[in-house]
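Tertiary structure, described
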Amino acid sequence: MDLVEELRGSTYMKTRDRYKHGAATFLLHLYKSGDDALNAPFASQMEANLAMVRPRNGTSDEAMIYSLLPSYCEEPIEPLHWDLLTPQKILEPIWSWKDDFKKLSESRLSSYRAALHLLFKDFGKTDVWLKLSPTVNQVLNGWKRRRVRLQKKRGMSVEKGMAELPFKVYAELCKRIACDKLYGPFGWTYATMLWNLMGRSDNISHISVNHIKCKEDHLLIYYAQQKTDQDGKLSKYPRAIFANPLSPWTCAITALGVYLIVTNTRVGNSDGSLPLFHGSQDECARRFRVGLHAKAKEIASILEENGMTTQSVGTHSFRKGAATYASAGGTACPSSSAISLRAGWTQPGVEDTYRRYDSAGDEHVGRVLTGLPMNGEELAILPPIFMPETQEDEAFIDECCKSTMDVNQVNPGVARRCLASVVFHILKLREQLPPGHKLWADRTINNKQAMEKLRSLIFSGFQDNPIAVEANLCATGVPPHCALLRSMRIVKDQVAKLIPGVDEQLSQLPKLFRDALDEAIADGKIEGAPLTASNLERTVLRLLEESGLKDVPRLLQEGNTVRTRTPDRPTNLADFGLQAHKTLPSDFYVPNMTLQKSWYHWMLGDAASGHRPWRLIQLCEVNDKKARERLRRFRKIMLAIQESLQNSWKEVTTFDEAEKQFDSVKAAFQFAAKAGHKRRYGELSWDTVLRHKYKQTRST
């Protein structure tokens, strides 16, 4: 058992390969300088390796470094006399970097330091490194500050690494890549995965078909291993990706569907693995970078407008752009913890203790990254989903999935969701994708009748849609402001439908007033009564109520408290030259009393309580529903008496005048009892007279 090799294998292989270069630079410098710190057996092995390389590659430093790579990793020969090492010997190979601005980068210095640390660790000399590292670190940190001073003095760029992609540049790149005949299916899917998963290129290249699942209204993608999760402890937490029904180019599920259709017969490798993208990680990344740079040159003007160049765009630009867009693309962004967990960034001290993975937070990030409006109700839209109505429809959908994708390898739910997105956007794809695109080689996609039938079975909308409610469809990862915006939109639509009716009522209002006033002027009376200020007020308020504008009377009666008064605008009845009256008490109720006494109240009011004549009381002044209905009945019988008076009706101020008016018409309000004799008018209450009057009217 080689324990040393097992310990070396604990470091991520790609990281170890990168660190070999730094360690080889150090060892090669010792070899060229003849330093006694280099172990003689190891130096002999180096000489043998270099002799094999020189005839083929010359004597360049690069060739000598690469030939040295297997020396200390595969042979159990200790390369150094560890006790002879000093900080100066460690820094000598890179001493010239301090005057070279390009080499004096933070990442390059950190990589060299980490490579040496790994070299010491591989051979169990961590204690030696701990003695040397403080001085080495101090010098390297000083060089980093020197670089910053040079940036400040010379006005050099302070940006680090690849530039972040703005969303509009990402959307344009996706559209250009998707329209490429050969590179399109792979590049489009790779780009949308980089953005929507906020992932590293290595993670995207290693996605397996088995790691893609379907859940509710989204897909789930699992990472078996990450840079910050070498043990796979976080592999149980998936990333949610959503469809974008508004735009096919930024929709990762549509891109995945096109890719699975195009690669139908090529899913899986001979060794039984099922990688989504074929080829090694380096091959996938290289293939994507080549196509990306070609498309970046096509949009060079757009890149310049956003402060970028074709050389500043790389695979990491998608990750940086997605993280920036999710955290700063709007005022209702997902939480920083959810973004960090999705991107695979460690949160020392709080990770897995106070800030843990939560599906709702990750789903919110997934919805935002798909490009749906972050601050609009459209963020809550459901993806395209097949909604079969019969068993025949279900069988037809399954048959189409089998003919377009390898459902033996791809999850059936994933296949249906991807096919639904492709069919939903098929019209836009036909407009933009070139005729020679590989998608059009599929027989099902090329069958217009099949596409029309599939489109008729697709639903996409909001979860308050009756179809979604019936199917129990629920939008996940939706922030609360989307529900509020949706409710406001529904109310807005309802109000828009009411506006024509309100306009029609308002247009009829002048005619009602004009006809009523013309009639009053011609007859010298209004509603059978003299044309006085109080009668005119009563008629105007009644017309307003009948026109549907019930709040106008209240505003006229209580304008001085409801609205802010302005000196040049009247706000109550007194300002219009009409009589103002005392407000009714909240418990006002028309009591039971004889018809004659009721007439007194109708004409003169209740002097004891200071109430105005009850004929001037409007229904809108009474708050209680039962009291308002009783007042309406009371007004009916009183208006009937008033109409019976005809020309003899006038306003009175004394009980004698009111009694004289009533005596002249009381005979019309006597009714026969069941025994046949007439009941005296003084014995009947106004409510009883109203009922008898109603029966009499019906019988005639």
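Here the structure is a predicted model, which is why all the values come from computation and not from measurement.

What follows deals with the confidence of the model for the chain. For the chain, mean pLDDT is 80; residues scoring 70 or higher make up 79% of the total. Looking across the chain, the model is least confident in helix H25 (residues 551-562), with a mean pLDDT of 46, and most confident in strand S4 (residues 385-386), with 95. Within the model, pLDDT remains below 50 along residues 555-580, and this stretch shows 34 contacts once partners closer than five positions in the same chain are excluded.

Before going further, it helps to spend a moment on the pattern of salt bridges. The full count for this structure, using the stated rule, is 17 salt bridges. Residues Asp-687 and Arg-633 are paired through a salt bridge, measuring 2.7 Å at the closest nitrogen-oxygen approach. Placement of Asp-687 in helix H29 (residues 686-699) and of Arg-633 in helix H27 (residues 625-645) is noted, with a sequence separation of 54 residues between them. Members of the salt-bridge network, linked through shared partners, are Glu-172, Arg-176, Asp-180, Lys-295 and Glu-298.

Helix H18 (residues 412-424) packs onto helix H11 (residues 252-262) with a crossing angle of 105 degrees between their chain directions and a minimal axis gap of 8 Å. With respect to H18, the element H11 is oriented roughly perpendicular. Note on element contacts: H18 touches H11 through Arg-417, Cys-418, Leu-419, Ser-421 and Val-422, opposite Ile-253, Thr-254, Leu-256, Gly-257, Val-258, Leu-260 and Ile-261.

Below, the discussion takes up the environment of Ser-456. By the secondary structure assignment, Ser-456 is in helix H21 (residues 448-456). With 70 residues separating them along the chain, Ser-456 and Phe-386 place their C-alpha atoms 9.0 Å apart. In terms of polar contacts, Ser-456 uses its side chain to reach the backbone carbonyl oxygen of Lys-453, at 2.5 Å.

A sheet is described by the order of its strands in space; here 3 strands give the open sequence S1-S2-S3, paired in antiparallel fashion. Of all the strands in the sheet, the pair left with one neighbour each is strand S1 (212-215) and strand S3 (239-241). Neighbour-to-neighbour, the strand axes of the sheet open up by a mean angle of 35 degrees, direction not taken into account. Across 3 bridges, strand S2 (residues 218-221) lies against S3 in antiparallel orientation. The partner of Ile-221 across the bridge, within S3, is Arg-239.

So, on to the packing of aromatic side chains. A complete count under the given rule lists 23 aromatic pairs for this structure. Aromatic side chains Tyr-170 and Phe-318 sit 6.2 Å apart centroid to centroid with 85 degrees between the ring planes, which places their arrangement in the edge-to-face category. Highlighted residues: Tyr-170 in helix H8 (residues 167-178) and Phe-318 in helix H14 (residues 315-328), separated in sequence by 148 residues. Comparing Tyr-170 with Phe-318, the two get one shared label, buried. Three or more aromatic residues joined by ring pairs form one cluster here, namely Phe-167, Tyr-170, Tyr-183, Phe-186, Tyr-190, Trp-195, Tyr-259, Phe-277, Phe-288, Phe-318 and Tyr-325. Here Arg-486 stacks its cationic end above the ring of Phe-462, 4.1 Å away from the centre of that ring.

Basis of the calculations
- Residues numbered from 1 in each chain as written.
- Predicted model: local features only at pLDDT ≥ 70, side-chain atom pairs only at ≥ 80, totals over all residues.
- Heavy atoms only, no water.
- pLDDT = per-residue confidence, 0-100.
- Helix = DSSP H or I, 4+ residues; strand = E, 2+ residues; numbered from the N terminus.
- Contact = heavy atoms within 4.5 Å.
- Salt bridge = Lys/Arg side-chain N within 4 Å of Asp/Glu carboxyl O.
- Axes fitted to C-alpha atoms, helices over the stretch in contact; angles between N-to-C directions.
- Parallel < 35°, antiparallel > 145°, perpendicular 65-115°, else oblique.
- Polar contact = N/O pair within 3.5 Å; in protein donor to acceptor, adjacent residues only side chain to side chain.
- Pairing = 2+ DSSP bridges.
- Phe/Tyr/Trp six-rings, centres within 6.5 Å; stacked < 30°, edge-to-face > 60°.
- Buried < 20%, exposed > 50% of the residue type's maximum accessible area, 1.4 Å probe, protein only.
- Lys NZ or Arg CZ within 6 Å of the ring centre and 35° of its normal.

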